[in-house]
Amino acid sequence: MAAIAEAKGLLSAAVYLSTGRQTLAASVARAASAAASRAAVVDTFTDTAYSRASVKLVGSADDLLQAAEAAATEALRVLDLAEQPQPAPHPRQGAVDMISFMPLSERKHGDIAEELSACDALAWRLGEALGRRGVPVLMYGARAGRTLVETRKGTTFFQSVKEAVPAAATLPPDFGPGGAPPPKWGVAIVGSQSYVTNYNVAVANASLEDGRAAAAAVRSAFGVQVMALPHAADDFEVGCNLQASDDRDSPPVEDVLACVKRNTVMARDAPRTIREPSAAGRDPRPRPADDPRGVRGGAATCPSD
């Protein structure tokens, strides 16, 4: 099925926003949709508890870039980082927190090298455009020579959940002004990577320690980015960025869910409850009738703590 999207030259982009307000996320999505008739908004997600939202786009290269720039421009107009909760309920460093261009495939990197290169080129074009608007921009991906996590470590992204700190970066911006970032916008991170499915599993009546144990098990089994954060009273959430790597496809969500269960509900005497998991940005391409999962990838063994 990968050939369906790749033959049409379709790519995807995800715009992550520091807001939990559905009306603002919808405004950003509408701006993207109106900007390019041959790019589509395929998913809009908001989480009030985390003050976090995302808008996922699909289109051919030029149309996708146009839609992503329109989305970011609208977000800069309607969002104000200074109005967000402090400390941050979810890590952040910018109003337009991160934009990622991604191939429409969950295959390992060697199978999608051309698409990854095209996404990297789009990311740099968008980063330059946002820099011209006065936003400090940090790039990640192949051309930047650093990963998303490495780039975030050069900002207040992780520190933001621990204390009330203004958005800042120790890395010099690749585009836009240097010095202290505008309080309204903070720092934007833009780049390219393999396709990401944001898969979040909330567990009720459990401790953050339980969540961290489950997150460590998922990380060990699948090699993906994952963290555990408080989500609501007596709840934690295991938030996973499921994606392919150099040598493996993106893992199936069913395997990840089973891993979380094994290390929380099934590994403890006290009753825990897995709430309905949420997946934002799952590959929107059609699937064969015998592939209901929506996410491909080989199985892995999940360790139990």
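Up top you'll find the structure we're talking about.
As a starting point, this report considers the structure included with it. Positions within a chain are numbered from 1, following the residues in the order the chain's sequence is written. The predicted origin of the model limits local features to residues at a pLDDT of at least 70 and limits the giving and counting of side-chain atom pairs to 80 or more, whereas totals for whole chains, interfaces and linings rest on all residues. Working from all heavy atoms in the structure, the side-chain values ignore hydrogens and water.

Moving on, we get to the pattern of salt bridges. Here a salt bridge means any side-chain nitrogen of Lys or Arg lying within 4 Å of a carboxyl oxygen belonging to Asp or Glu. Following the criterion strictly, the structure yields 7 salt bridges and no others. A salt bridge links Arg132 to Glu128; the shortest N-O distance between them is 3.9 Å. Of the two residues, Arg132 and Glu128 are both situated in helix H4 (residues 113-132); the distance of 4 residues between them amounts to about one turn of the helix. Here Arg132 falls in the exposed class, since its relative accessible area comes to 63%. Segments assigned H or I by DSSP are reported as helices when at least four residues long, segments assigned E as strands when at least two residues long, and all are numbered from the N terminus. Each residue gets one of three labels from its accessible area relative to the maximum for its type: buried under 20%, exposed over 50%, partly exposed in between, using a 1.4 Å probe on protein chains only.

Here the focus is the packing of helix H3 (residues 61-78) against H4. Where H3 meets H4, the axes come as close as 10 Å, and the angle between the chain directions of the two elements is 35°. Every pair of crossing elements has a handedness; the one defined by H3 and H4 is right-handed. Across the interface between the two elements, Ala61, Asp62, Leu64, Leu65, Ala68, Glu69, Ala72 and Leu76 of H3 pack against Leu122, Arg125, Leu126, Ala129 and Leu130 of H4. For this classification, Asp, Glu, Lys and Arg are treated as charged, while Ala, Val, Leu, Ile, Met, Phe, Trp, Tyr, Cys and Pro are nonpolar and the rest, including Gly, are polar. Along the lines of polarity and charge, the residues of the contact of H3 with H4 split into 10 nonpolar, no polar and 3 charged. As a rule, the C-alpha atoms of each element are fitted with a line to give its axis, helices using only the stretch in contact, and angles between N-to-C directions run from 0 to 180 degrees. Each crossing is labelled by how the near helix is turned from the far one, with a counterclockwise turn of less than a right angle marking it left-handed and a clockwise turn marking it right-handed. We call two residues contacting when some pair of their heavy atoms lies within 4.5 Å.

Side-chain rings of Phe, Tyr and Trp (the six-membered ring for Trp) are treated as a pair once their centres are within 6.5 Å; stacked means planes under 30 degrees apart, edge-to-face means over 60, and tilted covers the remaining angles. All told, the structure shown has 2 aromatic pairs when counted by the stated rule. A ring pair is formed by Trp124 and Phe175, whose centres lie 5.7 Å apart and whose planes are at 75°; its orientation type is edge-to-face. With a gap of 51 residues between them, Trp124 in helix H4 and Phe175 in the loop between helix H5 (148-153) and strand E6 (188-192) connect regions that are remote in the sequence. Take Trp124 and Phe175: they sit in the same class, and that class is buried. Pairing Phe157 with Phe158 gives two aromatic rings, centres 4.9 Å apart and planes at 90°, and the pair type is edge-to-face. Given a relative accessible area of 34%, Phe158 falls into the partly exposed group. In this arrangement the basic side chain of Arg143 is found over the ring face of Trp124, its NZ or CZ atom lying 4.1 Å from the centre. Ring-over charges, as used throughout, are those where CZ of Arg or NZ of Lys falls within 6 Å of the ring centre and within 35 degrees of the ring normal.

Once that is clear, we can look at the nonpolar core. Grouping buried Ala, Val, Leu, Ile, Met, Phe, Trp, Tyr and Cys residues that are joined through side-chain atoms within 4.5 Å yields what is termed a nonpolar core. Ranked by internal contacts, the top residues of the largest apolar core, which has 41 residues, are Ile99, Phe101, Leu126, Leu130, Val137 and Val190. If you list the elements that add at least two residues to this core, you get strand E1 (11-17), helix H2 (22-35), strand E3 (52-59), H3, strand E4 (96-103), H4, strand E5 (137-140) and E6. Among the elements that take part in this core, H3 stands out by supplying 8 residues, more than any other. The contacts of Leu130, once residues within four sequence positions are left out, are Ala72, Leu76, Ile99, Val135, Val137 and Val190. Counting 22 residues, the second-largest nonpolar core is a separate cluster that includes Val203, Ala221, Phe222 and Ala228.

The subject of this paragraph is helix H7 (residues 253-262). Buried residues of H7: Val253, Val256, Leu257, Cys259 and Val260, and no others. The arc that holds every buried residue of H7, seen down its axis, measures 160°, which confines them to one face. What the arc measures is the spread of directions leading from the helix axis to the C-beta atoms.

Moving on to the sheet that holds E3. In this scheme, strands are said to pair when DSSP sees at least two bridges between them. Read from one edge to the other, the open sheet built from 6 strands follows the order E2-E3-E1-E4-E6-E5, with strand pairing classed as mixed. Both edges of this open sheet fall to strand E2 (39-47) and E5, since each of them pairs with a single strand only. Each adjacent strand pair in this sheet contributes to an overall mean axis angle of 15°, direction not counted. Pairing of E5 with E6, which is carried by 4 bridges, proceeds in the parallel orientation. From the neighbouring strand, Val137 faces E6, where its bridge partner is Ala188. Contacting E1, E2, E3 and E4, H3 crosses the sheet at an angle of about 170° to E4. Here H4 sits on the sheet in contact with E1, E4, E5 and E6, set at roughly 155° to E4.

Secondary-structure assignment places Glu237 in strand E9 (residues 235-242). Given a relative accessible area of 7%, Glu237 falls into the buried group.

Looking now at the pairing of E2. Of the strand pairs in this sheet, E2 and E3 are connected by 8 bridges, and their pairing is antiparallel. Across the sheet, Asp43 pairs through a bridge with Lys56, a residue of E3. What sits between E2 and E3 in their antiparallel hairpin is a turn of 4 residues, with Ser51 showing a positive phi close to 50°.

Of all 8 residues that make up E9, 8 are buried, and the element is covered over most of its length. The alternating pattern of E9 places Asp235, Glu237, Gly239 and Asn241 and Phe236, Val238, Cys240 and Leu242 on opposite faces, both of which are buried. Strand direction decides the pairing type here: strand E7 (residues 197-204) and E9, joined by 8 bridges, are antiparallel. Within E9, the position partnered with Asn198 by the bridge is Asn241.

This part is about the packing of H2 against H3. Packing of H2 against H3 leaves a shortest axis separation of 7 Å and a crossing angle of 145°. Read as a crossing pair, H2 and H3 show a hand that is right-handed. Residues Leu24, Ser27, Val28, Ala31, Ala32 and Ala35 of H2 touch H3, and the partners they reach there are Gln66, Ala67, Ala70, Ala71, Glu74, Ala75, Arg77 and Val78. A class-by-class count of the residues in the contact of H2 with H3 yields 10 nonpolar, 2 polar and 2 charged.

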